[in-house]
Amino acid sequence: MREVLEARAVHLHEKAATREEAVARCGEVLVEIGAVAAPYVEAMLERERSISTYVGEGVAIPHGMSKEHVLRDAICVLRFPGGIDWDGEPVTLCIGIAAKGDGHVALLAELAEILLDPDRARTLREAPDVEAVMKELT
Amino acid sequence: MAERTVAVAAQAGLHARPAKLFVQAAMKLGVPVKIRVGSGKEVPANSMLGVLSLGAVQGTEVTLSAADGPDGEAALDALAALLARDLDAADA
């Protein structure tokens, strides 16, 4: 995952009142780092409304289905210390994904593998700084 | 142990929406079913993270397993039928 995550895409002190706000924040960060074009944010919101991207362990993985707006494969990691009500599930970590083609399947498999390990999942949720997140994910 | 091997039909592979629909179906069965790719690690079919970790794309052959008996067989038939359908289709 090292080539798709950069330190400036990791934000540990985010705030969002709703799931929609959190997804939009993930989208904004992906736009900021030049990974997607602006319309991708709406595609992410649409995808989230059609089916929740909650995967377990307090983690959601918002992403859009409009590959034409993806400029390059990238992920962003946003932590919401206050937690977000994700359709009844408490979420503290959002991993926003932008991927062309089939790249996201391997990426998701790698992420899932990390989150399946409760210790590594906790490290991610409680990481004290950006370096700790980078170390765990790259 | 009863088993079924089936190729993933969903165009997007077994992730996101197709994975969620599969996991939700597995949860409703009330019979523990496991899923693996080839001779790889088995994961519970009702775990989203487990299913995502398989990295199954369209055409990947996955093997479902459950305890012997009518309940296990019925659960495997239901889940295998689901995987053989294009879960990305709007009516899936």
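Residues numbered from 1 in each chain as written. Chains lettered and ligands numbered in written order. Predicted model: local features only at pLDDT ≥ 70, side-chain atom pairs only at ≥ 80, totals over all residues.

In the nomenclature of an unreviewed UniProt entry, chain B corresponds to Phosphocarrier protein from the organism Nonomuraea endophytica. The Subcellular location (unreviewed entry) field of the UniProt record for chain B holds the comment "Cytoplasm". (UniProt positions renumbered as here; feature names shortened; annotations may be inferred.)

The name that an unreviewed UniProt entry assigns to chain A is Mannitol-specific phosphotransferase enzyme IIA component, with the source organism given as Nonomuraea endophytica. Quoted verbatim from the Function (unreviewed entry) field of UniProt, the annotation for chain A is "The phosphoenolpyruvate-dependent sugar phosphotransferase system (sugar PTS), a major carbohydrate active transport system, catalyzes the phosphorylation of incoming sugar substrates concomitantly with their translocation across the cell membrane. The enzyme II CmtAB PTS system is involved in D-mannitol transport."

A. Representation of the overall build of chain B in the model. The helix and strand inventory of chain B stands at three helices and four strands. Listing the helices and strands of chain B from first to last along the sequence gives β-α-β-β-α-β-α. The principal-axis extents of the C-alpha atoms in chain B amount to approximately 35 × 30 × 20 Å. Within chain B, residue pairs in contact and separated by at least 24 positions form 68% of the contacts whose partners lie at least 6 positions apart. (Helix = DSSP H or I, 4+ residues; strand = E, 2+ residues; numbered from the N terminus. Contact = placed C-beta atoms within 7 Å.)

B. Molecular detail of the overall build of chain A. A tally of helices and strands in chain A yields five helices and five strands. The order of α-helices and β-strands along chain A, N terminus first, is β-α-α-β-β-β-β-α-α-α. Judged by the C-alpha coordinates and their principal axes, chain A covers about 35 × 30 × 25 Å. Each of the 138 residues in chain A was classed as buried or not, and the buried ones make up 44%. Taking as baseline every contact in chain A between residues at least 6 positions apart, the subset at least 24 positions apart corresponds to 67%. (Buried ≥ 20, exposed ≤ 12 C-beta atoms within 10 Å, placed from the backbone.)

C. Up close: the UniProt feature "domain: PTS EIIA type-2" (unreviewed entry) in chain A. When the UniProt feature table is mapped onto this chain numbering, "domain: PTS EIIA type-2" (unreviewed entry) sits at residues 3-138 of chain A. Helix and strand shares over residues 3-138 of chain A are 41% and 22% respectively, and the end C-alpha atoms of the span are 8 Å apart.

D. Broad picture of unusual backbone geometry. All names here are of chain A. One non-glycine residue, Glu57, adopts positive backbone phi at about 60°. Relative to the helices and strands, Glu57 is located in the loop between strand S2 (54-56) and strand S3 (59-60). Residue classification places Glu57 among the buried residues on the basis of 21 C-beta atoms within 10 Å. Unlike most non-glycine residues, Asp87 shows phi in positive territory, near 60°. By the secondary structure assignment, Asp87 is in the loop between strand S4 (74-86) and strand S5 (89-98). For Asp87, a count of 13 C-beta atoms within 10 Å puts it in the partly exposed group.

E. Here's a closer look at the interface of chain B and chain A. The partner chain A presents 13 residues to the 12 residues of chain B that form the contact. Broken down by secondary-structure element, the contributors of at least two residues to the side of chain B that touches chain A are helix H1 (16-29) and helix H2 (48-53) of chain B. Among the elements that line the side of chain B that touches chain A, the one with the most residues is H2(B), at five residues. When grouped by side-chain class, the residues that make up the side of chain B that touches chain A number five nonpolar, five polar and two charged. (Nonpolar A, V, L, I, M, F, W, Y, C, P; charged D, E, K, R; others polar.)

F. Inspection of the sheet that holds strand S4 (residues 61-66) of chain B at higher detail. Residues and elements named next belong to chain B. Pairing is antiparallel across the open sheet formed by four strands, whose spatial order is S1-S4-S2-S3. Every interior strand has two partners, whereas the edge strands, strand S1 (2-7) and strand S3 (43-44), have only one. Where strand S2 (residues 33-37) meets S3, two bridges bridge the pair, whose relative direction is antiparallel. Counterpart to Ile35 in the pairing with S3 is Val43. (Pairing = 2+ DSSP bridges.)

G. Spotlight on the environment of Met65(A). Within the secondary structure, Met65(A) is located in the loop between S3 and S4. Between the alpha carbons of Met65(A) and Ala43(A) there is a distance of 6.3 Å; along the sequence they are 22 residues apart.

H. Examining the nonpolar core more closely. With 71 residues, the main nonpolar core has Ile75(A) and Val51(B) as its most contacted residues. In terms of residue count, the dominant contributor to this core is S4(A) (eight residues). The residues touching Ile75(A), leaving out its near neighbours within four places in the chain, are Val4(A), Leu5(A), Ala9(A), Ile95(A), Gly96(A), Ile97(A) and Leu107(A). (Core = buried A, V, L, I, M, F, W, Y, C linked by C-beta atoms within 7 Å.)

I. Quick peek at the pairing of S4(B). All names here are of chain B. Across the two faces of S4 the burial differs, with Val62, Leu64 and Ala66 buried and Glu61, Thr63 and Ser65 not buried at all. Judged from the six bridges that link them, S1 and S4 form a sheet pairing that is antiparallel. Within S4, the residue paired with Thr5 across the bridge is Thr63. Bridging between S2 and S4 involves five bridges; their strand directions are antiparallel. Residue pairing in the sheet places Ile35 in a bridge with Leu64 of S4.

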